[in-house]
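Below are the chains, spelled out letter by letter.
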Amino acid sequence: MLRTLVYLDANLASSIALRYTCQLAKLVDMKLHSLHVEEPDQDGHAPGTGWVRRTWESTVLKTGEFEIAQLINAEKSSCPKLGPPKMLIGDRENEILREIQKESYDLFVEGSFHSFTAKKLYDKIHSRLYRLLPCPVIIVKNLVDIEKVALIVRNEIESKKFISTFLKIFNGAKLKLDLVSCEFQEPGHLSFKAKKEIDGTLSAAEEILAENKWPPENCLTIQGAPEEIGDVLRDYGLIVSPLHHTISKKSNWFQLLSHIPSPILICWQ
């Protein structure tokens, strides 16, 4: 059973992430947990000590718990696997990381509104939380139906590891799969390669999936600018991508990931 943690705040991004995760729970054998962290004041300190501090913490947790409970109750009927949230006080990134490490979660999910600028995604990828995450993460940018998945293959060396991560999460799910390779070029020349023209990179990935009795419906190489390729991929319910923490903000690969509006499953390399 896949142990999944979805992070929740009382906002629309978290609501979308929760709904998307509930869709996942219908596709795979998943034990779903939720977490919310109430942060101290801007100085990073809770007021007072002893009774004053305990009273403050109790008040803060009750307020946050009420708001998060409303979020969860809205999805409860369609997602019976969803239990009460775990409520913590402290630094958001530190508490999330500590919880994931302590409970050995297999997957982390959080919402982040889609932005066509790379900075927001870049900051998230290079945050302390993401640099130390021991599990893959799904960043939910928009609420979409999970019917078709695109696995983006960069090279043959990475294929085995990131496809193995995908299969560990989704093995047995009834989803349509496409394998996609990207070749970046100047805008205005978007084109596609037929299967007979595809190189060994996609062929190796296709073989791995076939061995696991999940052959892709399509193997596709897209040639174009990152923005053009991102538009082509916008109708997928999930994009699966390998990623290195050292990736540059200016790289075509990162520009592509920031432009894709679909949820992205990041498999760390």
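The shown structure was predicted, so the numbers you read here are calculated from the model rather than taken from an experiment. (Residues numbered from 1 in each chain as written. Predicted model: local features only at pLDDT ≥ 70, side-chain atom pairs only at ≥ 80, totals over all residues. Heavy atoms only, no water.)

K.L.:
Could you clarify how one ought to interpret the overall build of the protein chain in this entry?
P.N.:
If you tally the helices and strands in the protein chain, you get 9 helices and 11 strands. Residues classed as buried in the protein chain amount to 50% of the 269 residues present. Contacts in the protein chain between residues at least 24 apart in sequence constitute 82% of all its contacts with a sequence separation of at least 6. When the accessible surface of the protein chain is summed, it comes to about 13,100 Å², and 50% of that surface belongs to carbon and sulfur atoms. (Helix = DSSP H or I, 4+ residues; strand = E, 2+ residues; numbered from the N terminus. Buried < 20%, exposed > 50% of the residue type's maximum accessible area, 1.4 Å probe, protein only. Contact = heavy atoms within 4.5 Å. Areas by Shrake-Rupley, 256 points an atom, 1.4 Å probe, with all protein chains shown as cover.)

K.L.:
What is the right way to look at the pairing of strand E6 (residues 148–153) in this model?
P.N.:
Sheet faces and side chains relate simply in a regular strand, where the side chains alternate between the two faces. Here E6 lies mainly inside the structure; 5 of its 6 residues are buried. Summarising the sheet, E6 and strand E7 (residues 176–184) pair through 6 bridges and their orientation is parallel. When the bridges of E7 are listed, Val-153 appears paired with Ser-181. With helix H6 (residues 156–170) bridging E6 and its parallel neighbour E7, the resulting β-α-β unit is right-handed. (Pairing = 2+ DSSP bridges. Right-handed = clockwise from strand over helix to strand, strands pointing away.)

K.L.:
Could you clarify how one ought to interpret the pattern of salt bridges in this entry?
P.N.:
Pairing is possible between side chains that carry opposite charge, provided their charged atoms lie close to one another. The final tally for this structure, using the stated rule, is 9 salt bridges. Among the ionic pairs, Lys-124 bridges to Glu-110, the shortest N-O distance being 3.0 Å. Of the two residues, Lys-124 is situated in helix H4 (residues 119–125) and Glu-110 in strand E4 (residues 107–111); the sequence distance between them amounts to 14 residues. Judged on exposure class, the residue Lys-124 and its partner Glu-110 are both buried. One salt bridge connects Arg-234 with Asp-231, and the closest N-O pair in it is separated by 3.5 Å. (Salt bridge = Lys/Arg side-chain N within 4 Å of Asp/Glu carboxyl O.)

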